[in-house]
Amino acid sequence: MNPTNRILVIVTNTDEFKNAGYRTGLWLSELTHFLDVVEESGYETDIASPEGGKIPLDPESLIISDIADTVGIGNAVSKRYEDRTFMNRLTNTMDLTDIRVQDYDAIYLTGGHGVMFDFPENDRLSELIARFYDNDRIVSSVCHGPSGLLNVKLQNGEYLLNNKNVTGFSWNEEKMAKRDHAVPFNLEEELKQRGATFTTAKLPFGGHVVEDDRLITGQNPKSAKQVGESVVKKLKSMR
(Lines give C-alpha, C1' and ligand atoms only; values in the text may rest on other atoms or scores of the structure.)
Protein backbone atom coordinates (compact mmCIF):
# COMPACT_ATOMS: atom_id res chain seq x y z
CA MET A 1 0.00 0.00 0.00
CA ASN A 2 1.33 3.42 -0.98
CA PRO A 3 0.58 5.80 1.93
CA THR A 4 -1.82 8.64 1.18
CA ASN A 5 -1.77 10.21 4.65
CA ARG A 6 -5.56 10.48 4.47
CA ILE A 7 -8.20 8.88 6.67
CA LEU A 8 -11.90 8.49 5.87
CA VAL A 9 -14.36 9.07 8.72
CA ILE A 10 -17.95 7.79 8.52
CA VAL A 11 -20.79 9.39 10.51
CA THR A 12 -24.54 8.81 10.77
CA ASN A 13 -27.44 10.64 9.12
CA THR A 14 -30.04 9.29 11.58
CA ASP A 15 -31.45 11.84 14.01
CA GLU A 16 -33.90 9.77 16.09
CA PHE A 17 -34.59 6.29 17.40
CA LYS A 18 -37.07 4.59 15.08
CA ASN A 19 -39.34 3.23 17.81
CA ALA A 20 -38.85 5.77 20.58
CA GLY A 21 -38.93 9.54 21.01
CA TYR A 22 -35.25 9.99 21.78
CA ARG A 23 -33.15 12.22 19.56
CA THR A 24 -29.80 10.86 18.40
CA GLY A 25 -27.05 11.45 15.87
CA LEU A 26 -23.27 11.65 15.95
CA TRP A 27 -21.71 11.49 19.43
CA LEU A 28 -19.51 14.51 18.80
CA SER A 29 -16.53 13.62 20.99
CA GLU A 30 -16.12 10.32 19.14
CA LEU A 31 -15.32 12.40 16.09
CA THR A 32 -13.38 15.27 17.64
CA HIS A 33 -11.19 13.19 19.96
CA PHE A 34 -10.18 11.00 17.02
CA LEU A 35 -9.55 13.97 14.74
CA ASP A 36 -7.47 15.73 17.38
CA VAL A 37 -5.05 12.81 17.40
CA VAL A 38 -4.79 11.91 13.72
CA GLU A 39 -4.72 15.46 12.40
CA GLU A 40 -2.04 16.49 14.88
CA SER A 41 -0.07 13.48 13.61
CA GLY A 42 -0.16 14.84 10.07
CA TYR A 43 -3.09 12.97 8.56
CA GLU A 44 -5.79 14.69 6.54
CA THR A 45 -9.38 13.55 7.02
CA ASP A 46 -12.57 13.47 5.00
CA ILE A 47 -15.99 13.01 6.59
CA ALA A 48 -18.67 11.00 4.82
CA SER A 49 -22.10 9.63 5.67
CA PRO A 50 -24.54 7.13 4.12
CA GLU A 51 -26.63 9.89 2.52
CA GLY A 52 -24.07 12.69 2.43
CA GLY A 53 -24.87 16.27 3.35
CA LYS A 54 -25.78 17.53 6.81
CA ILE A 55 -25.56 15.24 9.81
CA PRO A 56 -27.31 15.44 13.19
CA LEU A 57 -25.54 15.70 16.53
CA ASP A 58 -26.74 13.74 19.53
CA PRO A 59 -27.83 16.49 21.96
CA GLU A 60 -26.65 14.48 24.97
CA SER A 61 -23.13 14.38 23.54
CA LEU A 62 -23.02 18.18 23.60
CA ILE A 63 -24.23 18.38 27.20
CA ILE A 64 -21.86 15.72 28.51
CA SER A 65 -18.90 17.12 26.60
CA ASP A 66 -19.60 20.61 27.93
CA ILE A 67 -19.71 19.34 31.51
CA ALA A 68 -16.43 17.45 31.00
CA ASP A 69 -14.76 20.56 29.65
CA THR A 70 -16.03 22.63 32.57
CA VAL A 71 -14.53 20.33 35.20
CA GLY A 72 -11.32 19.88 33.26
CA ILE A 73 -11.61 16.27 32.14
CA GLY A 74 -12.60 16.86 28.54
CA ASN A 75 -10.52 18.20 25.66
CA ALA A 76 -12.61 21.20 24.70
CA VAL A 77 -15.10 19.51 22.39
CA SER A 78 -17.23 22.62 22.79
CA LYS A 79 -14.52 24.66 21.03
CA ARG A 80 -14.98 22.46 17.98
CA TYR A 81 -18.73 23.06 18.21
CA GLU A 82 -18.08 26.81 18.14
CA ASP A 83 -15.71 26.52 15.17
CA ARG A 84 -17.61 27.60 12.05
CA THR A 85 -15.16 25.97 9.65
CA PHE A 86 -15.35 22.65 11.47
CA MET A 87 -19.14 22.72 11.72
CA ASN A 88 -19.37 23.43 8.00
CA ARG A 89 -17.70 20.07 7.45
CA LEU A 90 -20.64 18.45 9.25
CA THR A 91 -23.15 20.13 6.95
CA ASN A 92 -21.38 19.00 3.79
CA THR A 93 -20.31 15.41 4.37
CA MET A 94 -19.36 13.31 1.37
CA ASP A 95 -21.67 10.71 -0.11
CA LEU A 96 -20.38 7.12 -0.02
CA THR A 97 -20.62 6.87 -3.79
CA ASP A 98 -17.87 9.49 -4.06
CA ILE A 99 -15.32 7.42 -2.12
CA ARG A 100 -12.26 5.78 -3.67
CA VAL A 101 -10.48 3.34 -1.38
CA GLN A 102 -7.10 4.06 -2.96
CA ASP A 103 -7.32 7.64 -1.69
CA TYR A 104 -7.11 6.58 1.98
CA ASP A 105 -4.96 4.65 4.43
CA ALA A 106 -7.75 3.89 6.92
CA ILE A 107 -11.45 4.13 7.59
CA TYR A 108 -12.98 5.07 10.95
CA LEU A 109 -16.62 4.47 11.94
CA THR A 110 -17.87 6.88 14.60
CA GLY A 111 -20.73 6.11 16.95
CA GLY A 112 -23.85 7.60 18.38
CA HIS A 113 -26.98 5.44 18.45
CA GLY A 114 -27.95 6.65 14.99
CA VAL A 115 -25.40 4.36 13.35
CA MET A 116 -27.37 1.33 14.54
CA PHE A 117 -30.09 2.34 12.08
CA ASP A 118 -28.17 3.39 8.98
CA PHE A 119 -24.84 1.52 9.10
CA PRO A 120 -25.61 -2.25 9.22
CA GLU A 121 -27.99 -2.52 6.25
CA ASN A 122 -26.11 -0.14 3.97
CA ASP A 123 -24.64 -2.39 1.29
CA ARG A 124 -22.46 0.37 -0.09
CA LEU A 125 -20.85 0.93 3.32
CA SER A 126 -20.34 -2.80 3.88
CA GLU A 127 -18.69 -3.18 0.48
CA LEU A 128 -16.51 -0.13 1.10
CA ILE A 129 -15.26 -1.46 4.43
CA ALA A 130 -14.54 -4.85 2.87
CA ARG A 131 -12.46 -3.21 0.13
CA PHE A 132 -10.50 -1.25 2.72
CA TYR A 133 -9.60 -4.43 4.58
CA ASP A 134 -8.99 -6.57 1.48
CA ASN A 135 -6.64 -3.88 0.15
CA ASP A 136 -4.47 -3.80 3.28
CA ARG A 137 -6.05 -0.69 4.79
CA ILE A 138 -6.94 -0.20 8.45
CA VAL A 139 -10.56 -0.57 9.54
CA SER A 140 -11.39 1.12 12.84
CA SER A 141 -14.48 2.03 14.85
CA VAL A 142 -15.68 3.15 18.27
CA CYS A 143 -18.69 2.64 20.55
CA HIS A 144 -21.72 1.83 18.32
CA GLY A 145 -19.60 2.22 15.19
CA PRO A 146 -18.94 -1.54 14.99
CA SER A 147 -22.59 -1.82 13.88
CA GLY A 148 -21.18 -1.05 10.46
CA LEU A 149 -18.98 -4.15 10.59
CA LEU A 150 -21.79 -6.65 11.15
CA ASN A 151 -22.54 -7.41 7.49
CA VAL A 152 -19.08 -6.91 6.02
CA LYS A 153 -17.93 -9.94 4.03
CA LEU A 154 -14.41 -10.19 2.62
CA GLN A 155 -13.27 -11.56 -0.72
CA ASN A 156 -12.91 -15.02 0.83
CA GLY A 157 -16.63 -15.03 1.65
CA GLU A 158 -16.14 -14.83 5.42
CA TYR A 159 -17.43 -12.13 7.70
CA LEU A 160 -14.75 -9.61 8.58
CA LEU A 161 -15.60 -10.18 12.24
CA ASN A 162 -15.12 -13.94 12.12
CA ASN A 163 -12.38 -14.99 14.57
CA LYS A 164 -11.52 -11.36 15.33
CA ASN A 165 -11.02 -9.77 18.75
CA VAL A 166 -13.24 -6.70 19.11
CA THR A 167 -15.01 -4.38 21.49
CA GLY A 168 -17.88 -1.90 21.28
CA PHE A 169 -20.63 -0.42 23.43
CA SER A 170 -21.51 -3.26 25.80
CA TRP A 171 -25.02 -4.41 26.64
CA ASN A 172 -24.38 -3.56 30.27
CA GLU A 173 -23.53 0.00 29.26
CA GLU A 174 -26.65 0.10 27.08
CA LYS A 175 -28.80 -0.84 30.07
CA MET A 176 -27.06 1.68 32.30
CA ALA A 177 -27.69 4.36 29.65
CA LYS A 178 -31.37 3.30 29.66
CA ARG A 179 -31.44 2.78 25.93
CA ASP A 180 -31.68 -1.01 25.93
CA HIS A 181 -35.42 -0.87 25.23
CA ALA A 182 -34.98 1.56 22.33
CA VAL A 183 -32.06 0.15 20.32
CA PRO A 184 -32.85 -2.13 17.36
CA PHE A 185 -30.46 -4.88 18.52
CA ASN A 186 -27.93 -5.91 21.13
CA LEU A 187 -24.62 -4.87 19.56
CA GLU A 188 -22.47 -6.99 21.86
CA GLU A 189 -24.48 -10.11 21.06
CA GLU A 190 -24.56 -9.45 17.33
CA LEU A 191 -20.80 -9.04 17.19
CA LYS A 192 -20.43 -12.40 18.92
CA GLN A 193 -22.90 -13.97 16.47
CA ARG A 194 -20.59 -12.96 13.63
CA GLY A 195 -17.80 -14.99 15.22
CA ALA A 196 -16.01 -12.22 17.11
CA THR A 197 -14.49 -12.48 20.58
CA PHE A 198 -15.85 -9.51 22.54
CA THR A 199 -14.08 -7.94 25.53
CA THR A 200 -14.74 -4.89 27.69
CA ALA A 201 -13.05 -2.64 30.21
CA LYS A 202 -13.14 -3.77 33.84
CA LEU A 203 -15.58 -1.00 34.68
CA PRO A 204 -18.50 0.26 32.55
CA PHE A 205 -17.70 3.35 30.48
CA GLY A 206 -13.97 2.84 31.02
CA GLY A 207 -11.62 3.30 28.09
CA HIS A 208 -10.86 0.09 26.19
CA VAL A 209 -9.37 -0.51 22.73
CA VAL A 210 -8.78 -3.83 20.99
CA GLU A 211 -6.33 -4.27 18.14
CA ASP A 212 -6.50 -7.35 15.91
CA ASP A 213 -4.05 -6.80 13.08
CA ARG A 214 -5.65 -4.10 10.88
CA LEU A 215 -8.96 -4.09 12.77
CA ILE A 216 -9.05 -1.59 15.64
CA THR A 217 -12.15 -1.09 17.83
CA GLY A 218 -12.94 1.08 20.86
CA GLN A 219 -15.60 0.41 23.48
CA ASN A 220 -17.18 3.81 24.16
CA PRO A 221 -16.71 7.59 23.86
CA LYS A 222 -13.84 7.53 26.34
CA SER A 223 -11.97 5.23 23.93
CA ALA A 224 -12.04 7.47 20.85
CA LYS A 225 -8.73 9.20 21.53
CA GLN A 226 -6.98 5.89 22.10
CA VAL A 227 -8.44 4.50 18.87
CA GLY A 228 -6.88 7.46 17.07
CA GLU A 229 -3.55 6.79 18.74
CA SER A 230 -3.73 3.11 17.80
CA VAL A 231 -4.57 3.91 14.19
CA VAL A 232 -1.63 6.32 13.90
CA LYS A 233 0.75 3.82 15.50
CA LYS A 234 -0.41 1.05 13.19
CA LEU A 235 -0.13 3.21 10.08
CA LYS A 236 3.43 4.17 10.96
CA SER A 237 4.35 0.51 11.49
CA MET A 238 3.00 -0.35 8.03
CA ARG A 239 5.21 2.10 6.16
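Structure's up top.
Residues numbered from 1 in each chain as written. Predicted model: local features only at pLDDT ≥ 70, side-chain atom pairs only at ≥ 80, totals over all residues. Heavy atoms only, no water.

Trainee: Would you explain the overall build of the chain in this entry?
Mentor: Check the secondary structure of the chain and you find 9 helices and 9 strands. A compact globule built from 239 residues should have a C-alpha radius of gyration of about 18 Å, and the chain, at 16 Å, falls within 12% of that. Across its three principal directions, the C-alpha atoms of the chain cover 45 × 40 × 35 Å. The buried share of the chain, reckoned over its 239 residues, is 55%. Pairs at least 24 residues apart make up 77% of the contacts formed inside the chain by residues separated by at least 6 positions. Carbon and sulfur atoms make up 44% of the accessible area of the chain, which totals about 10,600 Å². Computed over 27 positive and 36 negative side-chain charges, the inter-centroid distance for the chain is 3 Å. (Helix = DSSP H or I, 4+ residues; strand = E, 2+ residues; numbered from the N terminus. Rg over C-alpha atoms; globule rule 2.2 N^0.38 Å. Buried < 20%, exposed > 50% of the residue type's maximum accessible area, 1.4 Å probe, protein only. Contact = heavy atoms within 4.5 Å. Areas by Shrake-Rupley, 256 points an atom, 1.4 Å probe, with all protein chains shown as cover. Lys, Arg positive; Asp, Glu negative; His and termini not counted. Charge placed at Lys NZ, Arg CZ, Asp CG, Glu CD.)

Trainee: Hey, could you run me through the packing of aromatic side chains in this one?
Mentor: Note on aromatic pairs: each is described by the distance of the centres and the angle between the planes. Under the definition given, this model contains 5 aromatic pairs. Centroid distance Phe34 to Tyr108: 3.7 Å. Interplanar angle 5 degrees. Geometry classified as stacked. Pair noted here: Phe34 is in helix H1 (residues 28-40) and Tyr108 is in strand E4 (residues 106-109), with a separation of 74 residues, a long-range link. Grouping residues by exposure puts Phe34 and Tyr108 together as buried. Taken together, the aromatic side chains of Phe17, Tyr22 and Phe117 make up a single cluster linked through ring pairs. Seen from the ring of Tyr22, Arg179 lies directly overhead, with NZ or CZ sitting 3.7 Å from the centre. (Phe/Tyr/Trp six-rings, centres within 6.5 Å; stacked < 30°, edge-to-face > 60°. Lys NZ or Arg CZ within 6 Å of the ring centre and 35° of its normal.)

Trainee: Hey, could you run me through empty space enclosed by the protein in this one?
Mentor: Where empty space is left can be seen by rolling a probe of water-molecule size over the atoms. Counted according to the given criterion, the structure contains 1 cavity of 30 Å³ or more. When its residues are assigned to classes, the lining of the largest cavity shows 5 nonpolar, no polar and 2 charged. (1 Å grid on protein atoms, 1.4 Å probe; cavity = no way out; pocket = protein on both sides within 12 Å on 5 of 7 lines; lining within 4 Å. Points joined across faces, edges and corners; volume = space filled by probe spheres on them. Nonpolar A, V, L, I, M, F, W, Y, C, P; charged D, E, K, R; others polar.)

Trainee: Hey, could you run me through the pattern of salt bridges in this one?
Mentor: Side-chain pairs of opposite charge can arise whenever the charged atoms involved come near each other. Taken as a whole, this structure holds 10 salt bridges when the rule is applied. Of the charged contacts in the structure, one is a salt bridge between Asp136 and Arg214, with a shortest N-O distance of 3.9 Å. In this pair, Asp136 sits in the loop between helix H6 (123-134) and strand E5 (138-142) while Arg214 sits in the loop between strand E8 (209-212) and strand E9 (215-218), placing the two residues 78 residues apart along the sequence. In this structure Asp136 comes out as partly exposed when scored by relative accessible area, which is 42%. For Lys192, the salt bridge identified is with Glu188, shortest N-O distance 3.1 Å. (Salt bridge = Lys/Arg side-chain N within 4 Å of Asp/Glu carboxyl O.)

Trainee: Explain the sheet that holds E4 to me, please; I cannot follow it from the model alone.
Mentor: In a beta sheet, neighbouring strands are held together by backbone hydrogen bonds and run either parallel or antiparallel to one another. If you walk across this open sheet you meet the 7 strands as E3-E2-E1-E4-E5-E9-E8, and the pairing is mixed. On the outer flanks of this sheet lie strand E3 (94-95) and E8, each paired with one strand and no other. Across 4 bridges, the pairing between E5 and E9 is parallel. The residue bridging Val139 from the neighbouring strand is Leu215, located in E9. Of the strands in this sheet, strand E1 (6-10), strand E2 (44-49), E4 and E5 touch H1, which is tilted by about 180 degrees from E1. (Pairing = 2+ DSSP bridges. Axes fitted to C-alpha atoms, helices over the stretch in contact; angles between N-to-C directions.)

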